[in-house]
Amino acid sequence: MATTDDRAISSHLKESRRFAPPDAFAQRALVGSREAYDALYRESLEQPDAFWRRESSALVWRTPWTRTLSWELPHARWFEGATLNVSESCTDRHLSGATRNKAAIIWEGEHGEVRTLTYAQLHREVVRCAGALADLGVTKGDRVAIYMGMVPEVAVAMLACARLGATHSVVFGGFAAEALRDRIQDSGAKVLVTQDAGWRRGHLVHLKETADRAAAQSPTIEKVLVLRHVGQDKAPIGMVEGRDVDWHHALEHASDAGKHAVAVDAEHPLFILYTSGSTGKPKGVLHTTAGYLVGAHVSTKYVFDLRAEDVYWCTADVGWVTGHSYLVYGPLSNGATCVMYEGAPNFPDWGRFWRIIERHGVTILYTAPTAIRAFIRQGDEWPAKSDLSSLRLLGTVGEPINPEAWIWYQRVVGGGRCPVVDTWWQTETGSIMMTTLPGACDAKPGSTGLPFFGVVPDVVHQDGTSVGPNQAGLLVLKSPWPSMLRTVWGDDERFRTQYWTEVPGAYFTGDGARRDEDGYHWVVGRIDDVLNVAGHRIGTAEIESALVSHPSVAEAAAVGRPDDLKGQALVVFVTLKPAFAPDDATRAALLRHVEGEIGKFARPDAIRFADALPKTRSGKIMRRLLKDVAAGRDAKGDTSTLEDLSVLAKLRADEE
Ligand code: WTA
């Protein structure tokens, strides 16, 4: 295992600014003081039954649970005995009162068109879509793959699956056909939901074309439901006879099978979401019904201090976990009005986000440090052009935020009056695990703060004992929480070994962190073989196996290099087979190849050709040394196991 990044630690240690919750905010907040947070946190650990029962009481339960938690490490079962359907909490429950005709989703297309779905309209669409899926043969327990862009129908499709008790697996629209195929095959999906194309930075992303290539190699796919979003004139698509079904037609003629939601058990699989791990094969993280819903619901309410009149905008793509929990399940189960934006933050220019905030009166903005750093580069004049006074709360997620970016966000976007919540969590945790509740706790720029209710984090040595204050260690979670992943789909052994064996008795996050004297957590970043490039999780092994599948490549090693904009940049070292030349043509071919195997977002930032890679005597590539070379640093630490020192010298010389 690699060590934590000392430079990040030392920059954190210098940071000592504190921002107390603004008085005006705290006075109206759901949790308005540190004492109130402490009391609720204590209750969540000491009286979990009472705590979760009260906090989940707004949700729709067909049958209440009889047992809060059964825990047999590493398997948790939450809220056993309960039956429910998630779509009832997200739609049906809002139909009887004032929320009925409130906007659920305000969607803005990249070209500026706006569509609004009220809760009543969302419910109607979900019912019709569930009916259409049932007509295609989808029943409880089936898997449905969803490969779409940021359109309201993606939320409709997810909720429609939930309504039938089918398990969805949303695949980010930036993934290439091979990556989509692998995910479909692993999940055994029966139906694929896709759209003709979507807009991104003024260009069309041809999703159906990619879906066709993946479906052709996925024998389990029986039907493909196709939404025509941009239309036949802009993105002509072919429909495969007997397999492809038009969304609008199918919904128009749907049976009423979607009318009544199927009540499922608390632990029924709600969704599988693939994420990167330390091997080349992505992990299908499994989330189940009751625990996940409770986690997403309760955290959305408290972390974003939701009020009925808020206009909440989470900028994450629905293909990642943030889009699942904080664009769909969390806010909709709370009856919130959500903004959803189809396109790129810089289309047609860098003022786009700020105009969206002004246009829709956004009050809560939840985005990623990478985006914030990109905005900083473009200058303060962009946000200054729009009226951002509607904002009252800002959030960030996905990677460590450097204090300077935090301060800029708070000052320039938040006008100095909005609390900033830095939320730490993962695909696996399902919901936010740490932050500073905005009306209750001081924020420290760069620190993700304190545990959320029911969460017990610790920073430990490998043997599981806690490290002292301000010392770096492994970030673990020491007790089960409702929205935790239940297993890796089809591979429980991998679930056990990846998360539960590194540190005895605890869930290992893969992150390094330190905890300061006030109990605030400072996450340094991944310390396993996972990179975080512009907020996207990328496994080094995935990149390497994509590269070695190209005919020219003998060996490849992928490492991260610190990057001011993306957090980490992706650098790959490649040795070629004898017949191939280390020239620009090969470089371009390899970049195209990675894009084709995984997706454009995984395109390496630099390819470095080498005659040989530094290895230990037992033949293991020494990534630690490559990281130093990539970052232009002198190799730190021990090189005594290096088989051939001249390899390292040569790599450095090539750089100069
Ligand atoms: C990183 C995204 C520091 C971390 C929700 C984690 C963060 C990985 C933060 C999970 C944060 C996420 N501060 N680091 N506030 N939030 N991370 O699964 O390394 O895409 O393990 O989930 O992102 O990424 P994932």
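Everything quoted here is computed from the prediction, not taken from an experiment. (Residues numbered from 1 in each chain as written. Predicted model: local features only at pLDDT ≥ 70, side-chain atom pairs only at ≥ 80, totals over all residues. Heavy atoms only, no water.)

## Remarks on the pattern of salt bridges
- Considering all chains together, one arrives at 44 salt bridges under this definition.
- In this structure, Arg392 and Asp310 form a salt bridge, with 2.8 Å as the shortest nitrogen-oxygen distance. On the criterion of sequence distance, the pair formed by Arg392 in the loop between helix 15 (381-384) and strand 19 (393-397) and Asp310 in the loop between helix 11 (289-303) and strand 16 (311-314) is long-range, its members being 82 residues apart.
- In this structure Arg392 comes out as buried when scored by relative accessible area, which is 13%.
- Residue classification places Asp310 among the buried residues on the basis of a relative accessible area of 3%.
- The residue Arg526 makes a salt bridge to Asp528 at a minimum N-O spacing of 2.6 Å.
- The partly exposed category is assigned to Asp528, whose relative accessible area is 24%.
- Within the structure, one salt-bridge network assembled from shared partners comprises Arg18, Asp442, Lys444, Asp516 and Asp518. (Salt bridge = Lys/Arg side-chain N within 4 Å of Asp/Glu carboxyl O. Helix = DSSP H or I, 4+ residues; strand = E, 2+ residues; numbered from the N terminus. Buried < 20%, exposed > 50% of the residue type's maximum accessible area, 1.4 Å probe, protein only.)

## Observations concerning the site of the ligand
- Near the ligand there are 17 residues, and of these Asp422, Thr423, Thr427, Asp511 and Arg537 occur at the shortest range.
- Within the complex, 96% of the 520 Å² of free accessible area of the ligand lies under protein.
- Those elements that provide at least two residues to the shell around the ligand are helix 12 (321-333), strand 20 (420-423) and strand 27 (521-526).
- Split by residue class, the shell around the ligand holds six nonpolar, six polar and five charged. (Near = heavy atom within 4 Å. Areas by Shrake-Rupley, 256 points an atom, 1.4 Å probe, with all protein chains shown as cover. Nonpolar A, V, L, I, M, F, W, Y, C, P; charged D, E, K, R; others polar.)

## Examining the sheet that holds strand 23 (residues 457-460)
- As summarised here, the arrangement of the four strands in space is 23-24-26-27, forming an open sheet in which the pairing is antiparallel. Bordering the open sheet on either side are strand 23 and strand 27, each of which pairs with just one other strand. Across this sheet, the average inter-strand angle for adjacent strands is 45°, counted without regard to direction.
- Bridge count between strand 26 (residues 507-515) and strand 27: five bridges; the pairing is antiparallel. When the sheet's bridge partners are listed, Gly512 is paired in strand 27 with Gly525. (Pairing = 2+ DSSP bridges. Axes fitted to C-alpha atoms, helices over the stretch in contact; angles between N-to-C directions.)

## Describing the side chain of Thr429
- Positionally, Thr429 belongs in the loop between strand 20 and strand 21 (434-435).
- Apart from the residues lying within four places of it in its own chain, the contact partners of Thr429 are His287, Trp424, Leu477, Trp481, Ser483 and Met484. (Contact = heavy atoms within 4.5 Å.)

## What to know about the state of the cysteines
- Scanning the model with the defined rule gives zero disulfides in all.
- Its sulfur unpaired, Cys314 is 8.7 Å from the next cysteine sulfur, which belongs to Cys338.
- What makes Cys314 buried here is its relative accessible area of 1%.
- Free of any disulfide, Cys441 has its nearest cysteine sulfur in Cys418, 18 Å distant.
- Cys441 gets classed as buried once you look at its relative accessible area, which sits at 4%. (Disulfide = S-S within 2.5 Å.)

## Considering the layout of surface pockets
- In this model, the second largest pocket occupies a volume close to 280 Å³.
- As for the second largest pocket, its lining consists of 16 residues, and the residues nearest its centre are Asp182, Arg183, Gly280, Lys281 and Pro282.
- Elements with a contribution of two residues or more to the lining of the second largest pocket: helix 8 (177-187) and helix 18 (540-548).
- Per-element accounting of the lining of the second largest pocket gives the leading share, six residues, to helix 8. (1 Å grid on protein atoms, 1.4 Å probe; cavity = no way out; pocket = protein on both sides within 12 Å on 5 of 7 lines; lining within 4 Å. Points joined across faces, edges and corners; volume = space filled by probe spheres on them.)

## Re the packing of helix 7 (residues 152-164) against helix 12
- At their nearest, the axes of helix 7 and helix 12 sit 11 Å apart, and the two run at 60° to each other. Considering their axes alone, helix 7 and helix 12 lie oblique with respect to each other. When the axes of helix 7 and helix 12 are compared, the crossing they make is right-handed. In contact with Ala155, Met158, Leu159 and Ala162 of helix 7, helix 12 contributes His324, Val328, Tyr329 and Leu332. (Parallel < 35°, antiparallel > 145°, perpendicular 65-115°, else oblique. Left-handed = near helix turned anticlockwise from the far one by under 90°.)

## Here's the deal with the domain arrangement of the protein
- Taken domain by domain, the protein holds domain 1 (23-85 + 278-525), domain 2 (86-99 + 118-262) and domain 3 (534-655).
- Placing the centre of domain 1 and that of domain 3 at their C-alpha centroids yields a distance of 33 Å.
- Each partner contributes to the interface: domain 1 provides 14 residues, whereas domain 3 provides 12 residues.
- On the domain 1 side of the contact with domain 3, Trp320, Arg373 and Arg377 bury the most area, a combined 41% of that side's loss.
- Taking the shortest distance from any N to any O, the salt bridge between Arg537 and Glu428 comes out at 3.0 Å.
- Taken together, domain 1 and domain 3 are joined by three residue pairs in polar contact (both at pLDDT 80 or more). (Domains from an automatic or database assignment. Buried area = accessible area lost by both parts, 1.4 Å probe. Polar contact = N/O pair within 3.5 Å; in protein donor to acceptor, adjacent residues only side chain to side chain.)

## Notes on helix 3 (residues 34-46)
- A rise of 1.5 Å per residue sets the reference length of helix 3, with its 13 residues, at 18 Å; its end C-alpha atoms lie 18 Å apart and thus fit the reference within 8%.
- If you follow the buried residues of helix 3, they end up packed against helix 4 (48-55), strand 22 (450-451) and strand 23. (Expected span 1.5 Å × (residues − 1).)

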